Amino acid sequence: MKEKIESNAFLTEAYGSYDDLLSFCKHLPKIELHAHLNGSISKETAIQLIDRKGDPSLAQRWASTLEGWANAASKLDDFFPLFKCIYEITNNEEAITYATIQTIGEFSDDGVTYLELRSTPRPNLGTGMTKASYANAILKGIQSASKSHPSTTVRLILSLDRRESTESCLDTVDLAIQLKNKTGLVVGIDLCGPPTDGTAVVFAPAIKRAKESGLKVTLHAAEIQNIDTDTQNLLLTSPDRIGHGTFLNTHAKTHLLTSSTPIEICLTSNVLCKTVETYAQHHLQGLLFQDHPVILCTDDKGVFGSSLSEEYAIAAATFQLRKEDLYELSRRAVEFVFGSEECKRTLRNEWERFRQNNG
Ligand code: 6MZ
């Protein structure tokens, strides 16, 4: 269950009420850089995907899952098995394209101006889906959404899952390179999955190849305790951003602070997966204090029942951030996107327009 944000004197003085704060956050242009496609599928989209399958037994099996949607993860270990279930409804290209379009639409309606969606290319022997057809199905969705939701620019990051072998990771990187050259829409790779599976040594060759080809790299790092050696080895690959960074030891922290490597922060995800006890105890506070580059993100907005506007509102209410702080937080994220310089210029202009129109 999500922690309730209590009203406090700061919130009343700076915004009026939590609803006023949330409405400011919705209005603010925002950048989402850490969103897993299958974890971002909303309950509404899941229902539509089930309907489109036209299989009554699937609908029956899903009834209890849908009931507990957005409350299903009570710790990180419970979280990964959830995807077995979600993958049942996204097991072919048509479903992937549909889920992509719907998810982009939801981010767009929430005021997300630039979105880097990430997903793990996943073959399915039963439906004949391959890693390439999976990735192309997402790209088809991105291209279609660029017409229905032109105010949101979308780029794709292909994820490597920690449960994969070196060969499988290299295949995904080769696919990412090919699609980057063909479409310009694939901008990077990510490393995700259960933090205790695999080791940095398995993934290093793929990360190296990605970097050499000009792809950007973001890695889930230090999401849980006691994986210091893995984190240290991952940081040696010089990622362009990291995800979470919850349990960085002094050595890793110094590395990130001196290299100014941006950290993708997922408040609700961390609290719901119980890697952080409460919002108030989140490591975002220390990073803000040190003025370290951070980007507020949702991680899995469907599974966690959150939105990027809510993540901004929670950060503001918890760490006493004023409107100008939130504007600065969202504006700074422009500098950390994996999109081109031209893309960044367009975004900078957009933030400037917002500033001029909103004092
Ligand atoms: C690590 C996560 C994650 O790729 O099928 N994923 N990996 N930590 C997290 N924090 C909560 N949230 C999601 O999206 C689902 C996959 O993303 C990864 C998991 O590997 C999950 O299987 P895609 O679109």
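Being a predicted model, the structure only gives us computed values, none of them experimental. (Residues numbered from 1 in each chain as written. Predicted model: local features only at pLDDT ≥ 70, side-chain atom pairs only at ≥ 80, totals over all residues.)

Caption draft 1: Quick peek at the overall build of the chain. On a plain count of helices and strands, the chain comes out with 19 helices and eight strands. A globule of 359 residues ought to have a C-alpha radius of gyration of about 21 Å, and the chain, at 19 Å, matches this closely. Dimensions of the chain along its principal axes, counting C-alpha atoms only, are 55 × 45 × 40 Å. Every one of the 359 residues in the chain was classed for burial, and the buried ones make up 47%. Partitioning the contacts of the chain with sequence separation of at least 6, the portion at a separation of at least 24 is 74%. (Helix = DSSP H or I, 4+ residues; strand = E, 2+ residues; numbered from the N terminus. Rg over C-alpha atoms; globule rule 2.2 N^0.38 Å. Buried ≥ 20, exposed ≤ 12 C-beta atoms within 10 Å, placed from the backbone. Contact = placed C-beta atoms within 7 Å.)

Caption draft 2: Focus on the sheet that holds strand β3 (residues 153-161). In space, the eight strands of this open sheet follow the order β1-β2-β3-β4-β5-β6-β7-β8, with parallel pairing throughout. Two strands lie at the open edges of the sheet, namely β1 (30-36) and β8 (294-296), each paired on one side alone. For this sheet, the mean inter-axis angle between neighbouring strands, taken without regard to orientation, is 25 degrees. Of the strand pairs in this sheet, β3 and strand β4 (residues 186-192) are connected by six bridges, and their pairing is parallel. From the neighbouring strand, Leu160 faces β4, where its bridge partner is Leu191. Relative to the sheet, helix α9 (residues 131-148) contacts β2 (112-119) and β3, its axis offset from that of β3 by approximately 165 degrees. (Pairing = 2+ DSSP bridges. Axes fitted to C-alpha atoms, helices over the stretch in contact; angles between N-to-C directions.)

Caption draft 3: Representation of the environment of Gln143. Assignment of secondary structure puts Gln143 in helix α9. Separated by 42 residues in sequence, Gln143 and Leu185 have C-alpha atoms that sit 9.3 Å apart.

Caption draft 4: Main features of the packing of helix α10 (residues 166-183) against helix α11 (residues 200-212). Between α10 and α11, whose axes approach to 8 Å, the crossing angle comes to 15 degrees. When the axes of α10 and α11 are compared, the pair comes out roughly parallel. Both α10 and α11 take part in a crossing whose hand is right-handed. Facing Thr166, Cys169, Leu170, Val173 and Ala176 of α10, the residues of α11 in contact are Val202, Phe203, Pro205, Ala206, Arg209 and Ala210. Partitioned by chemical class, the residues of the contact of α10 with α11 number nine nonpolar, one polar and one charged. (Parallel < 35°, antiparallel > 145°, perpendicular 65-115°, else oblique. Left-handed = near helix turned anticlockwise from the far one by under 90°. Nonpolar A, V, L, I, M, F, W, Y, C, P; charged D, E, K, R; others polar.)

Caption draft 5: Inspection of the environment of Gly305 at higher detail. Looking at where Gly305 falls in the secondary structure, it is placed in the loop between α16 (301-304) and α17 (308-319). For Gly305, a count of 18 C-beta atoms within 10 Å puts it in the partly exposed group.

Caption draft 6: Examining the site of the ligand more closely. Around the ligand, the surrounding shell holds 18 residues, and the nearest of these are His36, Asn38, Ser119, Thr120 and Cys192. Put simply, the parts of the chain that give the shell around the ligand at least two residues each are α3 (37-40) and β3. Residues of the shell around the ligand, tallied by class, amount to five nonpolar, nine polar and four charged. (Near = placed C-beta within 6 Å.)

Caption draft 7: α9, seen in detail. The terminal C-alpha atoms of α9, which comprises 18 residues, lie 26 Å apart, in line with the 26 Å expected from a rise of 1.5 Å per residue. When α9 is considered as a whole, its buried residues turn out to be Tyr134, Ala135, Ala137, Ile138, Gly141, Ile142 and Ala145. The arc that holds every buried residue of α9, seen down its axis, measures 150 degrees, which confines them to one face. Structurally, α9 contributes buried residues whose contacts are with α3, α8 (93-109), β2, β3 and α10. (Expected span 1.5 Å × (residues − 1). Arc of directions from axis to C-beta.)

Caption draft 8: View of the nonpolar core. Leu21, Ala176, Ile189, Ile265, Ile295 and Tyr312 are the most contacted members of the largest nonpolar core, which has 100 residues in total. Residues contacting Ile265, with those up to four places away along its chain left out, are Leu284, Val294, Ile295, Leu296 and Cys297. (Core = buried A, V, L, I, M, F, W, Y, C linked by C-beta atoms within 7 Å.)

Caption draft 9: Region of the structure containing the pairing of β3. Judged by how many residues are buried, β3 sits mostly within the fold: nine of nine residues are covered. Both faces of β3 are covered, namely the face carrying Thr153, Arg155, Ile157, Ser159 and Asp161 and the face carrying Val154, Leu156, Leu158 and Leu160. Two elements, β2 and β3, share six bridges in a ladder whose sense is parallel. Across the sheet, Glu116 pairs through a bridge with Arg155, a residue of β3.

Caption draft 10: Quick peek at α10. Between its first and last C-alpha atoms α10 spans 25 Å; for 18 residues at 1.5 Å apiece the expected length is 26 Å, and the two agree. Among all positions in α10, only Cys169, Thr172, Val173, Leu175, Ala176, Leu179 and Lys180 are buried. On an axial view of α10, the arc spanned by its buried residues comes to 160 degrees, and they lie on one face. Turned more than 90 degrees away from the buried face of α10 sit Glu167, Asn181 and Lys182, all of them exposed. As for α10, its buried residues are in contact with α9, β3, β4 and α11.

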